[in-house]
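Per-entry structural report
Single-letter residue listing:
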Amino acid sequence: MTTTAPEKQPEPQLDERLLKTSPWKKLLGRPELGSVVGAIAVFVFFAVAADSFLRATSLATVLYAASVLGIMAVPVALLMIGGEFDLSAGVLVTSSALVSSMFSYQMTANTWVGVGVSLLVTLAIGAFNGIMLTRTKLPSFIITLGTFLMLTGMNLGFTKLISGTVSTKSIADMQGFTSGKDLFASTFTIGGVDFKVTIVWWLALVLVATWILLRTRVGNWIFAVGGDVDAARAVGVPVNKTKVGLYMGVAFGAWISGQHLLFSYDVVQSGEGVGNELIYIVAAVIGGCLITGGYGSAVGAAIGALIFGMTSKGIVFAEWNSDWFKFFLGAMLLLATLLNHWVRKRAEASK
Amino acid sequence: MARFRTWVSIAVAGALGLALTGCSSTGGKRAEDARKAQQAQGKAAVNTPKWTFSMITHSGDGDTFWDIVQNGAKQAAVKDNINFLYSHSDEGNQQAQLVDAAIDKKVDGIIVTLAKPDAMKAAVARAQKAGIPVITVNSGSADSKKFGALTHIGQDETIAGEAVGDELNKRGRKKALCVLHEQGNVGHEQRCAGAESTFDGKMTNLYVDGTNMPDVQSSIEAKLQADKSIDSVVTLGAPFAATAVKAKQDAGSKAEVDTFDLNEKVAQGLQDGSLGFAVDQQPYLQGYEAVDLLWLYKYNADTLGGGKPVLTGPQIVTKEQAAKLAEYAKRGTR
């Protein structure tokens, strides 16, 4: 079930990834092909349906929505390729923002100290998920559902205990805030249009994740553990380490998103983030990741996030009756996924 | 794994070390402590028996508004020598179960919200049967008396909405956007409908996902980009006002942002002019009065309102009052 397994080749001494295949065949074999077609379809649809959709400023808005989602969808996709998923990812973003905000505030520390502590705490929660999963052998559904509930409670409980209210105090007047904002929540201008820095984070994550998946040994491990755990273990893949690493990857994404939340709104509401974990998974699935694992790509997940971003904002640009907003959103997503699925089936048949 | 743990402990130690040296000389906890030292603490002012009152609301987790209501209720509880219990659920039937639990506990008074009146009807009737006085707060002014509650304390959402419409007219606005952060919340719909009814211009609704701030921001941004003629944005909760201001700036729109409810940032926004006005329903008062009125009823059989709801709002707050309110919002009572 891996993408990188063309069967018998005449030159066994060469790494299989170095073999030449025709570009056309290569393209058809890519897991993100379907989602690219879906993305183009959604784009064309809204370009026609909403006159304001094609403006550069509008596209910047769409890209922002897609990037915030994409920063999480990419590591979540990697985790799914590795055969697991994470229901705690949505609230972990909020936890991460809360930790850096409250640590900085309560210790009256430079905000960068809080940001650093938050990275450690967030990665530790990711590692907790992974270690619990590999030690107990319980399904990831149970483990991460437990973490999800605990984090939801802790977000609220700790915030109330420490700050006395349900949102954190503003840290905008503290040292280190401006530079943090530059890194996590600034905007940059290209041709008179403002773009959010999250877009850069998003693209960087896609590049790194794609490199890991396709060019490193770890990438092979991820496909292997997602495809068949026992077979992977039999050939010496460090299954547990890989899974723990994948959960920590999701935690890393949550840390970036959390810091973006903190530095763009400078106070954090403790009840936020619930429900977002499903949207990350949806983006990965639209992007061609199989829920059962072993198949998918980071680029696909990024395009899944883009489809979601275009749809959710395109509906607003088209000024459709907002009572039906969720319905339109669901219908568009279903259509995009079906189209994606159909294209992939065609591609596989023609191979 | 062992090596991993070593690394974690080294990193934690390093971070703590940094924390001790990398202090911020501005803002933070220390500045807050200095402010707090100036404030006095309340003590019980009466020697009536220690009654137990239970408050059960329809609030979701982590809602700033309900936090302020609780602050008011707790302050009154201290003064009235009351043991105050609080619980909440945003699911109608679970809220009703919490009321049942309070009745089983034989509390001396119940404060309840009727955001989903049908789900709460039976529970309130049970309290009645058990001889426990009930006061409704915040939502449910229409049903409170019917269900047999002593009195209702709160803001009529429709009236509050109408006040917004009037204020927008006064400011010469032509096209407004009403931002709803919870789809299907009756009170939210009433606010927007109320505003639409008195507003002379055109008002459109926009639903956003309230648990996802970046989504709220990009949705408002998209709407403002799609319709450049929108000249005012009304958010229904204080945390969303600041986000709307950001969205407006990013969209290059000139629209004025106004909001329901207050918090520290809204007070600041009113002061620096980034927000036009806020409609306050004084949540502190809703909690405080509810506990105080229950106490008055137990102690002296007093009721208030004469069978009509006691309104705590709408109070329109603008730049003039903002400076004073910022201080109160900061301590969580406005």
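Reading the values: rules and limits
Residues numbered from 1 in each chain as written. Chains lettered and ligands numbered in written order. Predicted model: local features only at pLDDT ≥ 70, side-chain atom pairs only at ≥ 80, totals over all residues. Heavy atoms only, no water. Buried < 20%, exposed > 50% of the residue type's maximum accessible area, 1.4 Å probe, protein only. Helix = DSSP H or I, 4+ residues; strand = E, 2+ residues; numbered from the N terminus. Pairing = 2+ DSSP bridges. Right-handed = clockwise from strand over helix to strand, strands pointing away. Patch = residues over 30% accessible without salt bridge, like charges linked within 9 Å, V, L, I, M, F, W, Y side chains within 5 Å. Areas by Shrake-Rupley, 256 points an atom, 1.4 Å probe, with all protein chains shown as cover. Salt bridge = Lys/Arg side-chain N within 4 Å of Asp/Glu carboxyl O. Lys, Arg positive; Asp, Glu negative; His and termini not counted. Charge placed at Lys NZ, Arg CZ, Asp CG, Glu CD. Expected span 1.5 Å × (residues − 1). Axes fitted to C-alpha atoms, helices over the stretch in contact; angles between N-to-C directions. Parallel < 35°, antiparallel > 145°, perpendicular 65-115°, else oblique. Left-handed = near helix turned anticlockwise from the far one by under 90°. Contact = heavy atoms within 4.5 Å. Nonpolar A, V, L, I, M, F, W, Y, C, P; charged D, E, K, R; others polar. 1 Å grid on protein atoms, 1.4 Å probe; cavity = no way out; pocket = protein on both sides within 12 Å on 5 of 7 lines; lining within 4 Å. Points joined across faces, edges and corners; volume = space filled by probe spheres on them. Buried area = accessible area lost by both parts, 1.4 Å probe. Polar contact = N/O pair within 3.5 Å; in protein donor to acceptor, adjacent residues only side chain to side chain. Domains from an automatic or database assignment. Core = buried A, V, L, I, M, F, W, Y, C linked by side-chain atoms within 4.5 Å. UniProt positions renumbered as here; feature names shortened; annotations may be inferred.

**Digging into the pairing of strand β6 (residues 175–180) of chain B**
Residues and elements named next belong to chain B. Summarising burial for β6: six of the six residues are buried, a large majority. Judged by which residues are buried, β6 turns out to be covered on both faces: Lys175, Leu177 and Val179 on one side and Ala176, Cys178 and Leu180 on the other are all buried. Direction of pairing for β6 relative to strand β7 (residues 202–207): parallel, over a ladder of six bridges. The partner of Lys175 across the bridge, within β7, is Lys202. Running through helix α7 (residues 186–198), the crossover from β6 to the neighbouring parallel element β7 is right-handed. In this sheet, strand β8 (residues 232–235) lies alongside β6 in parallel orientation, the contact comprising four bridges.

**Re a negative patch on the surface**
Residues and elements named next belong to chain B. On the surface, Asp61, Asp90, Glu91 and Glu182 cluster together into a patch of negative charge. Here Asp61 is to be found in the loop between β1 (51–57) and α3 (64–79). By relative accessible area, which is 43% here, Asp61 ends up partly exposed.

**Things to note about α3 of chain B**
Residue and element names in this part refer to chain B. The terminal C-alpha atoms of α3 lie 23 Å apart, and with 16 residues this matches the ideal 22 Å at 1.5 Å per residue to within 8%. Of all the residues in α3, the buried ones are Thr64, Phe65, Trp66, Asp67, Ile68, Val69, Gln70, Gly72, Ala73, Ala76 and Ala77. One or two positions beyond α3, positive phi appears at Asn81, with a value near 60°.

**Structural notes on the packing of helix α3 (residues 56–81) of chain A against helix α8 (residues 198–215) of chain A**
When two helices pack together, their arrangement is captured by the angle between the axes and the distance separating the axes. All names here are of chain A. Look at α3 against α8: their axes get within 8 Å of each other, and the N-to-C directions meet at 20°. Taken as axis vectors, α3 and α8 run roughly parallel relative to one another. Crossing hand, α3 versus α8: left-handed. Counted together, Leu63, Tyr64, Ala66, Ser67, Gly70, Ile71, Val74, Leu78 and Ile81 of α3 and Thr198, Ile199, Trp201, Trp202, Leu205, Val206, Ala209 and Leu213 of α8 form the full contact between these two elements. The residue makeup of the contact of α3 with α8, split by class, is 14 nonpolar, three polar and no charged.

**Side note on unusual backbone geometry**
Cis peptide bonds are those with omega within 30 degrees of zero, and the linkage from Gly313 of chain B to Pro314 of chain B qualifies with 0°. Mapped onto the elements, Pro314 of chain B comes out in the loop between β11 (310–311) and β12 (315–317).

**Quick look at empty space enclosed by the protein**
Residues and elements named next belong to chain B. Per the stated rule, a full pass over the model turns up five cavities of 30 Å³ or more. In this structure, the largest cavity spans a volume of roughly 390 Å³. No other element matches the five residues that helix α9 (residues 238–251) contributes to the lining of the largest cavity. Broken down by class, the residue content of the lining of the largest cavity amounts to ten nonpolar, ten polar and eight charged.

**Quick look at the interface of chain B and chain A**
Counting residues at the interface gives 52 residues for chain B and 53 residues for chain A. Together chain B and chain A conceal approximately 4600 Å² of surface at their shared face, both sides included; 52% is due to carbon and sulfur atoms. In this structure, the salt-bridge partner of Lys196 of chain A is Asp250 of chain B, at a minimum N-O distance of 2.7 Å. For the pair chain B and chain A, the interface holds 20 residue pairs in polar contact (both at pLDDT 80 or more).

**Examining the domain arrangement of chain B**
All names here are of chain B. Examined at the domain level, chain B breaks down into domain 1 (52–155 + 282–313) and domain 2 (157–280). The gap between the C-alpha centroids of domain 1 and domain 2 is 29 Å. Contact with domain 1, which involves nine residues of that partner, is made by nine residues of domain 2. When domain 1 packs against domain 2, close to 700 Å² is buried across both sides, 47% of that on carbon and sulfur atoms. Here domain 1 and domain 2 share zero salt bridges between them. For the interface between domain 1 and domain 2, the tally reads two residue pairs in polar contact (both at pLDDT 80 or more). Considering each element in turn, the side of domain 1 that touches domain 2 owes the most residues, three residues, to α3.

**Thoughts on the sheet that holds strand β5 (residues 152–154) of chain B**
Residue and element names in this part refer to chain B. If you trace the six strands from one edge of the open sheet to the other, you get β2-β1-β3-β4-β5-β11, paired in parallel fashion. Looking along the sheet, the strands with just one partner apiece sit at the ends: β2 (82–88) and β11. Relative to β2, β1 is paired through seven bridges, and the arrangement is parallel. Opposite Thr52, over in β2, you have Asn83 as the bridge partner. Taken strand by strand, α3 contacts β1, β2, β3 (109–113) and β4 (134–138), and its axis lies near 165° from that of β2.

**Focus: the nonpolar core**
By size, the foremost hydrophobic cluster in this structure holds 117 residues, and its most contacted members are Trp202 of chain A together with Ile220, Val233, Val266 and Leu270 of chain B. Among the elements that make up this core, the one with the highest residue count is α3 of chain A (16 residues). Filtering out sequence-adjacent residues up to four positions away, Ile220 of chain B remains in contact with Val179, Leu206, Ala244 and Ala247 of chain B. Core analysis: the next-biggest nonpolar cluster, separate from the first, contains 23 residues, Phe53, Phe65, Ile68 and Ile135 of chain B among them.

**Some details on the UniProt feature "transmembrane region" (unreviewed entry) in chain A**
All names here are of chain A. Taking the numbering used here, the UniProt-annotated feature "transmembrane region" (unreviewed entry) corresponds to residues 33–54, 61–81, 112–132, 138–162, 183–214, 279–312 and 324–343. What you have in residues 112–132 is 100% helix and 0% strand, and the ends, taken at the C-alpha atoms, are 30 Å apart. End C-alpha to end C-alpha, residues 183–214 measures 28 Å, and it is 62% helix and 25% strand.

**Brief notes about the pairing of β3 of chain B**
All names here are of chain B. Of all five residues in β3, five are buried, a share of seventy percent or more. Residues Gly109, Ile111 and Thr113 line one face of β3 and the alternating positions Ile110 and Val112 line the opposite face, and both faces are buried. Bridge count for β1 against β3 is four bridges, and the pairing is parallel. Pairing of Met55 across the sheet is with Ile111, part of β3. Relative to β4, β3 runs parallel, the two sharing four bridges. What sits directly across from Ile110, in β4, is Val134. Considered for its hand, the β-α-β crossover made up of β3, helix α5 (residues 117–129) and β4 is right-handed.

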